[in-house]
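Okay, here's what each chain looks like letter by letter:
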Amino acid sequence: MKIKTPKYYNGHNNYTAREVVENFDLNYNLGTACTYILRAYRKHKTPKRCIEKAIHHLQFELDKLNKTINDN
């Protein structure tokens, strides 16, 4: 079932950001970063905020990975 999404989440060939994230089985942090990147040039006049948010979620994922490595 196709869910109606804002146009800034829709790409070519009718793919949505959500479908891309699901297709690659991305976890929350990576999926959120991906959606911010995919919409970066579509939602606002400048991509700056979306790119910063994507970087934050990538950093959250790195922090989680580093914690896992350090705990072992």
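That block above? That's the structure.
In this report, we go over the structure that sits alongside the text. Small disclaimer: the values here were computed from a predicted structure and weren't measured. (Residues numbered from 1 in each chain as written. Predicted model: local features only at pLDDT ≥ 70, side-chain atom pairs only at ≥ 80, totals over all residues. Heavy atoms only, no water.)

### Focus: the side chain of His57
- Tracing the backbone through its elements, the reader meets His57 in helix H3 (residues 48-71).
- For His57, a relative accessible area of 11% puts it in the buried group.
- If near-sequence neighbours (up to four positions away) are discounted, His57 is found in contact with Tyr28, Asn29, Thr32, Ala33 and Tyr36. (Helix = DSSP H or I, 4+ residues; strand = E, 2+ residues; numbered from the N terminus. Buried < 20%, exposed > 50% of the residue type's maximum accessible area, 1.4 Å probe, protein only. Contact = heavy atoms within 4.5 Å.)

### Some remarks on a nonpolar patch on the surface
- Side chains of Phe24, Leu26, Leu30 and Leu58 sit close together on the surface and give an oily, nonpolar patch of about 340 Å² of accessible area.
- Structurally, Leu58 can be placed in helix H3.
- You can call Leu58 partly exposed: its relative accessible area is 37%. (Patch = residues over 30% accessible without salt bridge, like charges linked within 9 Å, V, L, I, M, F, W, Y side chains within 5 Å. Areas by Shrake-Rupley, 256 points an atom, 1.4 Å probe, with all protein chains shown as cover. Salt bridge = Lys/Arg side-chain N within 4 Å of Asp/Glu carboxyl O.)

### Things to note about the environment of Glu61
- Position of Glu61 among the secondary structure elements: in helix H3.
- Here Glu61 falls in the buried class, since its relative accessible area comes to 7%.
- A C-alpha to C-alpha distance of 19 Å links Glu61 and Arg18, two positions 43 residues apart in sequence.
- A polar atom in the side chain of Glu61 sits 2.9 Å from the side chain of Asn27. (Polar contact = N/O pair within 3.5 Å; in protein donor to acceptor, adjacent residues only side chain to side chain.)

### What to know about the nonpolar core
- Grouped together as the largest cluster of nonpolar side chains are five residues: Ala33, Tyr36, Ala40, Cys50 and Ala54.
- Those elements that place two or more of their residues in this core are helix H2 (28-43) and H3.
- In terms of residue count, H2 provides more of this core than any other element does, three residues in total.
- Ignoring sequence-local partners within four residues, the contact set of Ala40 consists of Thr46, Pro47, Cys50 and Ile51. (Core = buried A, V, L, I, M, F, W, Y, C linked by side-chain atoms within 4.5 Å.)

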